[in-house]
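Given next are the chains, with one letter for each unit.
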Amino acid sequence: MSFTWRYVVRPDGSFCRIGNINNSLDHISDEELARLHPTSQHEDEQQAQLCSRCGGDLLLHWYDPLMTGVWMELCPACDAHRPAARAFIQWHRDTDRDPRSLTELFEAWETETMHAHGWVHAPQPRPAQPTSPPAPRTALRRLNTEQ
């Protein structure tokens, strides 16, 4: 079983991500996916969260990646010094943002933020290398030296 994320980016830069188990959403266009996951009133209310560090407006807040209990905040005032956060802030503010870059930006920010909370990604297990087929055996024949 494989698991990846599909991201839906709205014109204001807000987004959601949806689990893509066994690539089941690969055949759905971004527009169809956005219609399947419309903005709810609950999500709009969450946009009004304030930074727990400075009290300013957050660009993004995200809770509990992989059930770690970490509350992640993206605050332009508090996080602009961090490289991944700064890149994500710039992307979010850019009205000509490229939705295709969201996956990389979000995951880099998530990794950077989790690292600041003492978490690191565990090394991914390497896929099992297929065993190489045995070398073909060459048939040996004795040369007829008698003539």
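Coordinates for the structure precede this section.
This structure is a prediction, so every number in the text was calculated from the model and none was measured. (Residues numbered from 1 in each chain as written. Predicted model: local features only at pLDDT ≥ 70, side-chain atom pairs only at ≥ 80, totals over all residues. Heavy atoms only, no water.)

**Thoughts on helix α5 (residues 102–116)**
With 15 residues, α5 should cover 21 Å at 1.5 Å per step; its first-to-last C-alpha distance of 21 Å lies within 8% of that length. For α5, the set of buried residues is Leu-102, Leu-105, Phe-106, Trp-109, Glu-110, Glu-112, Thr-113 and Met-114. Of the surrounding elements, those touching the buried residues of α5 are β1 (3–9), β2 (15–21), β3 (60–63), β4 (71–74) and α4 (83–93). Gly-118, located one to two residues past α5, shows a positive phi value of around 95°. (Helix = DSSP H or I, 4+ residues; strand = E, 2+ residues; numbered from the N terminus. Expected span 1.5 Å × (residues − 1). Buried < 20%, exposed > 50% of the residue type's maximum accessible area, 1.4 Å probe, protein only. Contact = heavy atoms within 4.5 Å.)

**With respect to α4**
Those residues of α4 that sit buried are Ala-84, Ala-85, Phe-88, Ile-89, Trp-91 and His-92. An end-on view of α4 places all buried positions within 165° of arc, on one side of the element. Away from the buried face of α4 by more than 90 degrees, exposed residues Pro-83, Gln-90 and Arg-93 are located. Where α4 is buried, its residues contact β1, β2, β3, β4, α3 (76–79) and α5. (Arc of directions from axis to C-beta.)

**A word on the environment of Ser-2**
Of note, Ser-2 is situated in the segment before β1. Through-space distance from the C-alpha of Ser-2 to that of Asn-20 is 8.2 Å; in sequence the pair is 18 residues apart. Ser-2 has contacts with Asn-20, Ile-21, Asn-22 and Asn-23, leaving out every residue within four places of it along the chain.

**Topic: the pattern of salt bridges**
By the definition in use, this model includes five salt bridges. Residues Glu-73 and Arg-53 are paired through a salt bridge, measuring 3.7 Å at the closest nitrogen-oxygen approach. Here Glu-73, found in strand β4, pairs with Arg-53, found in the loop between α2 (41–46) and β3; they are 20 residues apart in sequence, far enough to count as distant. Since its relative accessible area comes to 7%, Glu-73 is described here as buried. The closest approach of N and O atoms between Arg-53 and Asp-79, which form a salt bridge, is 2.7 Å. Separated by 26 residues along the polypeptide, Arg-53 in the loop between α2 and β3 and Asp-79 in helix α3 bring together distant segments of the chain. One continuous salt-bridge network, built from bridges that share partners, spans Arg-53, Glu-73, Asp-79, Arg-82 and Glu-112. (Salt bridge = Lys/Arg side-chain N within 4 Å of Asp/Glu carboxyl O.)

**Looking at unusual backbone geometry**
Backbone geometry places Asn-22, a non-glycine residue, at a positive phi of 50°. Inspection of the secondary structure assignment puts Asn-22 in the loop between β2 and α1 (30–36). Note on Asn-22: relative accessible area 47%, which makes it partly exposed. You will see that Asn-23, though not glycine, has its phi angle at about 60°, which is positive.

**A few points about the packing of aromatic side chains**
Counted by the stated rule, this structure contains five aromatic pairs. Their ring planes at 85° and their centres at 6.2 Å tell us that Phe-88 and Phe-106 sit as a pair that is edge-to-face. Placement of the pair is Phe-88 in helix α4 and Phe-106 in helix α5, with a sequence separation of 18 residues. Classification of Phe-106 by relative accessible area gives buried; the value is 0%. Through pairs of rings, three or more aromatic residues link up here, namely Tyr-7, Phe-88, Trp-91, Phe-106 and Trp-109. Between Arg-97 and the ring centre of Trp-91, over which it is positioned, the NZ or CZ distance is 5.5 Å. (Phe/Tyr/Trp six-rings, centres within 6.5 Å; stacked < 30°, edge-to-face > 60°. Lys NZ or Arg CZ within 6 Å of the ring centre and 35° of its normal.)

**Considerations on the packing of α4 against α5**
The packing of two helices is summarised by the inter-axis angle and the distance between the axes. It is the contact of α4 with α5, at a shortest axis distance of 8 Å, that shows an interaxial angle of 145°. Note on packing geometry: the crossing formed by α4 with α5 is left-handed. Packed against α4, whose contacting residues are Pro-83, Ala-84, Ala-85, Ala-87, Phe-88 and Trp-91, the element α5 presents Leu-102, Leu-105, Phe-106, Ala-108, Trp-109 and Glu-112 at the interface. When grouped by side-chain class, the residues that make up the contact of α4 with α5 number eleven nonpolar, no polar and one charged. (Axes fitted to C-alpha atoms, helices over the stretch in contact; angles between N-to-C directions. Left-handed = near helix turned anticlockwise from the far one by under 90°. Nonpolar A, V, L, I, M, F, W, Y, C, P; charged D, E, K, R; others polar.)

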